[in-house]
Amino acid sequence: MIALSLPPIFRSALAAIALVLLAGCSTTQEITLGAAVQKNLSTIALVPSDGNSSQMNSLLEAALLKEQLTVVGALPPGTRTAPGIDALVSYTDIWRWDLVMYLKHLTVQLYDAQTGQLLALGQWSDSPLHGFRNPKTVMEGLISDLVARVRGAKPATAAAAPP
């Protein structure tokens with residue numbers, strides 16, 4: 001075994017560089033609640049946006065089904081309310097090229113189908129030193145967190161009440 005005898009300043013510099021590189025390879029995911037109203041989700045409809053791909057539409061639908069939601073189909077772009085449905089979901093995705101196409105950013109919006117209010121916004125981003133993440137894994141993780149946060153949100157009136 002060869003032991004490196006580097007001055008402490010170089011060891012510290014190497015450790016700092018390693019941390020920067022590791023941090024540069026991370027992803028971020030954030031869920032923001034809109035109206036913060038607990039919603040018992042069971043039925044949901046897709047509201048596609050211009051430029052959505054059939055592959056990502058299928059991944060979104062599969063992720064929703066995995067969360068025990070009934071997907072009732074697609075509605076016209078821009079739809080914000082629909083009777084007989086609990087929520088509407090739409091997404092935007094950004095892809096980049098680096099030897100192959102990779103998912104750079106995914107945003108999913110969940111709206112209350114009765115009021116049209118935003119229930120939650122989920123965002124996932126890859127780092128500048130990106131990896132080639134599996135879009136299915138990204139979509140499933142984001143949808144799982146999004147649905148869990150909406151189902152577990154505190155009603156607005158209870159949050160305002162004194163303890």
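As the structure is a prediction and not an experimental result, all values here were calculated from the model.

1. Description of unusual backbone geometry
For residues that are not glycine, phi is negative in most cases, and the peptide bond is trans in most cases.
Phase 1: In the Ramachandran plot, Gln68 falls in the positive-phi region, its phi being about 65 degrees despite a non-glycine side chain.
Phase 2: Inspection of the secondary structure puts Gln68 in the loop between α2 (54-66) and β3 (70-74).
Phase 3: For Gln68, a relative accessible area of 66% translates into the label exposed.
Phase 4: The phi torsion at Leu99 lies on the positive side, around 70 degrees, for a residue other than glycine.
Phase 5: Structurally, Leu99 can be placed in the loop between β4 (87-98) and β5 (100-112).
Phase 6: With relative accessibility at 70%, the residue Leu99 sits in the exposed group.

2. Quick notes on the pattern of salt bridges
Phase 1: Going through the model one piece at a time under the given rule, you end up with two salt bridges.
Phase 2: The partner of Lys66 in a salt bridge is Glu140, and the shortest N-O contact between them spans 3.2 Å. Taken as a pair, Lys66 in helix α2 and Glu140 in helix α3 (residues 135-151) lie far apart in primary sequence, 74 residues in all.
Phase 3: By relative accessible area, which is 53% here, Lys66 ends up exposed.

3. With respect to the sheet that holds β3
Each strand in a sheet pairs with its neighbour through backbone hydrogen bonds, running either in the same direction (parallel) or in the opposite one (antiparallel).
Phase 1: Taken in spatial order, the six strands of this open sheet run β1-β6-β5-β4-β2-β3, and their pairing is mixed. A strand with exactly one partner marks an edge of an open sheet, and here the two such strands are β1 (27-33) and β3. Across this sheet, the average inter-strand angle for adjacent strands is 20 degrees, counted without regard to direction.
Phase 2: Across the sheet, α2 touches β2 (43-46), β3, β4 and β5, and the angle it forms with β4 is around 130 degrees.

Rules and cut-offs
Residues numbered from 1 in each chain as written. Predicted model: local features only at pLDDT ≥ 70, side-chain atom pairs only at ≥ 80, totals over all residues. Heavy atoms only, no water. Helix = DSSP H or I, 4+ residues; strand = E, 2+ residues; numbered from the N terminus. Buried < 20%, exposed > 50% of the residue type's maximum accessible area, 1.4 Å probe, protein only. Salt bridge = Lys/Arg side-chain N within 4 Å of Asp/Glu carboxyl O. Pairing = 2+ DSSP bridges. Axes fitted to C-alpha atoms, helices over the stretch in contact; angles between N-to-C directions. Contact = heavy atoms within 4.5 Å.

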